[in-house]
Number of protein chains: 2
Amino acid sequence: MVSITFDKHTSGQFNAELEEARNHLMEMGGIVEQQIEIAFKSLVNVDSELASEAIQMDKDVNKMELKIDKETTQILAKRNPAATDLRFIIAVSKTVNDLERIGDEAVKIAQQAIELSNDGAGPQGYVELRHLGEKVREMVQSSLDSFARLDADSAFEVMQQDKAVDLEYNTAVRTLVTKMMEDPRTITRALNVLWALRALERIGDHAQNISENVIYLVKGKDVRHKKLEKVEETVNR
Amino acid sequence: MVSITFDKHTSGQFNAELEEARNHLMEMGGIVEQQIEIAFKSLVNVDSELASEAIQMDKDVNKMELKIDKETTQILAKRNPAATDLRFIIAVSKTVNDLERIGDEAVKIAQQAIELSNDGAGPQGYVELRHLGEKVREMVQSSLDSFARLDADSAFEVMQQDKAVDLEYNTAVRTLVTKMMEDPRTITRALNVLWALRALERIGDHAQNISENVIYLVKGKDVRHKKLEKVEETVNR
């Protein structure tokens with residue numbers, strides 16, 4: 001992991017605190033990545049045991065959220081960070097919030113797996129689900145990597161993928177709705193898959209948010225609600 | 001509006017900056033409340049013009065988010081707030097985030113109104129939708145009121161309402177799914193209403209988050225992911 005050039009501090013302790021906040025953020029990111037993977041697997045295999053595991057993991061995610069928020073608040077109170085340090089603290093706080101919400105979406109996916117399992121549905125190779133699941137997991141991973149490496153370019157690449165995810169999501173929804181109309185007996189199951197698709201799409205949005213946080217941290221510009229061309233200008237500056 | 005007892009500052013300018021951040025937060029809250037109301041009305045009346053209005057308003061909401069985030073960052077950089085002041089800044093930042101996401105959910109509701117209108121669906125008195133819509137709007141309003149009045153008790157009351165909203169949401173979803181199965185021709189329209197219901201439920205979650213921010217600000221305790229009984233203890237302490 002490339003190290004952040006934090007502002008020079010008289011206090012080595014301050015540096016250590018910033019490093020620690022970053023390490024905890026990356027740890028939380030690792031748990032959330034795992035949680036998505038397990039939740040997704042539980043859905044595709046309709047495996048309620050795996051699903052319970054993903055739901056259980058949310059406790060750890062929530063604990064990490066509280067812990068890191070406490071750490072960053074203490075740094076704000078004690079160290080009066082400015083410039084890069086302050087942007088770092090803000091980017092960490094916002095990213096923690098996105099990771100926690102990704103965890104919530106993973107729980108929703110796992111809940112659909114449990115409902116499918118309760119309905120006695122067998123594993124199905126929902127093609128659309130697989131595609132979207134892969135893409136979205138990649139986005140989360142890349143956005144966290146770009147945070148670890150402070151890489152605004154790769155953060156921007158993640159942002160560019162969100163449109164493709166939205167497109168794929170819309171196609172998947174349309175396919176499912178057509179199936180529902182053709183065979184109304186599948187409505188309940190199709191709805192479970194629909195909710196899971198929506199959760200995946202939301203995870204993609206959060207990965208995009210994390211990427212925006214990285215660009216804010218590295219470039220010092222808030223690129224939220226900006227057109228992609230504008231973001232590109234900021235990244236290349 | 002009852003005034004916050006900010007910590008005593010040597011700088012009157014600092015006080016003015018805190019007041020301004022609060023006023024802008026309340027202004028943003030006002031816009032979002034209006035946006036929910038218009039989006040909701042557009043859905044129940046299947047009025048695509050009103051829906052467009054709600055979608056347009058999101059630009060103002062987003063602008064307010066960027067503006068307030070900039071203000072709080074500047075206060076952090078220049079004023080080194082501590083204790084209540086720091087909690088206030090953190091609570092404002094988190095609430096801004098929730099308000100922005102409520103705005104996004106209002107847009108989703110409005111988009112369903114437009115799709116219903118494109119399908120030529122006439123206005124319908126979706127009973128469940130109305131109930132949930134009323135409850136959720138009340139929650140948002142009460143959570144913002146509790147922020148303005150720094151009232152942890154009324155914030156806690158909002159948190160208690162979320163369970164009822166979830167229950168009502170689940171009942172509404174079940175009713176709609178039954179209707180879909182009985183008459184598959186209604187599937188597309190029912191799905192539009194389903195997405196809107198989900199958006200309403202999410203708005204309720206954000207109102208709950210705002211209430212948690214208020215309790216954090218007033219009581220100095222982070223009550224996220226805590227059981228309601230634990231939160232009640234904190235509020236009554």
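Numbers given for residues are sequential positions, taken from 1 along each chain in its written order. Labels follow written order: the first chain is A, the first ligand is 1, and so on. Note on the predicted model: pLDDT of at least 70 is required for a residue's local features to be given, and 80 or more for side-chain atom pairs to be given and counted; whole-chain, interface and lining totals, by contrast, use all residues. Side-chain numbers here rest on the full set of heavy atoms in the structure, without hydrogens or water.

**Q** Explain the layout of surface pockets to me, please; I cannot follow it from the model alone.
**A** A probe matching the size of a water molecule, rolled over the atoms, marks out where space remains unfilled. Put plainly, a pocket is an open set of points on a 1 Å grid over the protein atoms alone with protein on both sides within 12 Å along at least five of seven lines, a cavity is a set where a 1.4 Å probe fits but cannot get out, and a lining residue has an atom within 4 Å of a point. Grid points are joined across faces, edges and corners, and a volume is the space filled by probe spheres set on the points. When its volume is computed, the second largest pocket comes out at roughly 1,900 Å³. Among the elements of the structure, helix H2 (48–79), helix H3 (83–118) and helix H6 (187–219) of chain A together with helix H3 (83–118), helix H5 (152–182), helix H6 (187–219) and helix H7 (228–236) of chain B are those that each provide at least two residues to the lining of the second largest pocket. Split into classes, the residues belonging to the lining of the second largest pocket amount to twelve nonpolar, 13 polar and 24 charged. Only DSSP runs of H or I reaching four residues or more are called helices, and only runs of E reaching two or more are called strands; each is numbered from the N terminus. Note on residue classes: Ala, Val, Leu, Ile, Met, Phe, Trp, Tyr, Cys and Pro are nonpolar, Asp, Glu, Lys and Arg are charged, and everything else, Gly too, is polar.

**Q** What exactly am I supposed to notice about the packing of helix H2 (residues 48–79) of chain B against H3 of chain B here?
**A** Axis angle and axis distance: for two packed helices, these are the angle between their axes and the distance between the axes, and together they describe the pair. Residues and elements named next belong to chain B. Think of each axis as a best-fit line through the C-alpha atoms, taken over the contacting stretch in the case of a helix, with angles from 0 to 180 degrees between the N-to-C directions. As a packed pair, H2 and H3 sit with axes 9 Å apart at the nearest point and diverge in direction by 165 degrees. Taken together, the axes of H2 and H3 are roughly antiparallel relative to one another. Viewed along their axes, H2 and H3 form a crossing whose handedness is left-handed. Class assignment of the residues belonging to the contact of H2 with H3 gives a composition of 16 nonpolar, eight polar and five charged. For classification purposes, an angle smaller than 35 degrees is called roughly parallel, one larger than 145 roughly antiparallel, one from 65 to 115 roughly perpendicular, and anything else oblique. Throughout, a crossing is termed right-handed when the near helix is turned clockwise from the far one, and left-handed when it is turned anticlockwise from it by less than a right angle.

**Q** Help me understand the UniProt feature "domain: PhoU" (unreviewed entry) in chain A in this model?
**A** Residues and elements named next belong to chain A. UniProt positions are given in the numbering used here, feature names are shortened, and annotations may be inferred rather than shown by experiment. Taken from the UniProt record, the annotation "domain: PhoU" (unreviewed entry) applies to residues 25–112 and 129–214. Secondary structure over residues 25–112 splits into 93% helix and 0% strand, and the C-alpha atoms at its two ends are 28 Å apart. Spanning residues 129–214, this segment combines 92% helix with 0% strand, and its end C-alpha atoms are found 28 Å apart.

**Q** Sorry, what's going on with the interface of chain B and chain A here?
**A** Interfaces are often sized by the amount of accessible area the parts lose when they come together. Taken together, the contact pairs 36 residues of chain B with 36 residues of chain A. Salt bridge, as used here: a side-chain nitrogen of Lys or Arg that lies within 4 Å of a carboxyl oxygen of Asp or Glu. Between chain B and chain A we count eight salt bridges in total. In the analysis that follows, any N or O atom pair within 3.5 Å is treated as a polar contact, provided that within protein one partner can donate a hydrogen and the other can accept it, and provided that, for residues neighboring in sequence, both atoms belong to side chains. Connecting chain B to chain A are twelve residue pairs in polar contact (both at pLDDT 80 or more). Looking at the side of chain B that touches chain A, the elements that each hand over two or more residues are H2, H3, H5 and H6 of chain B. In terms of residue count, the dominant contributor to the side of chain B that touches chain A is H6 of chain B (ten residues). The contact rule is simple, with two residues in contact once any of their heavy atoms fall within 4.5 Å.

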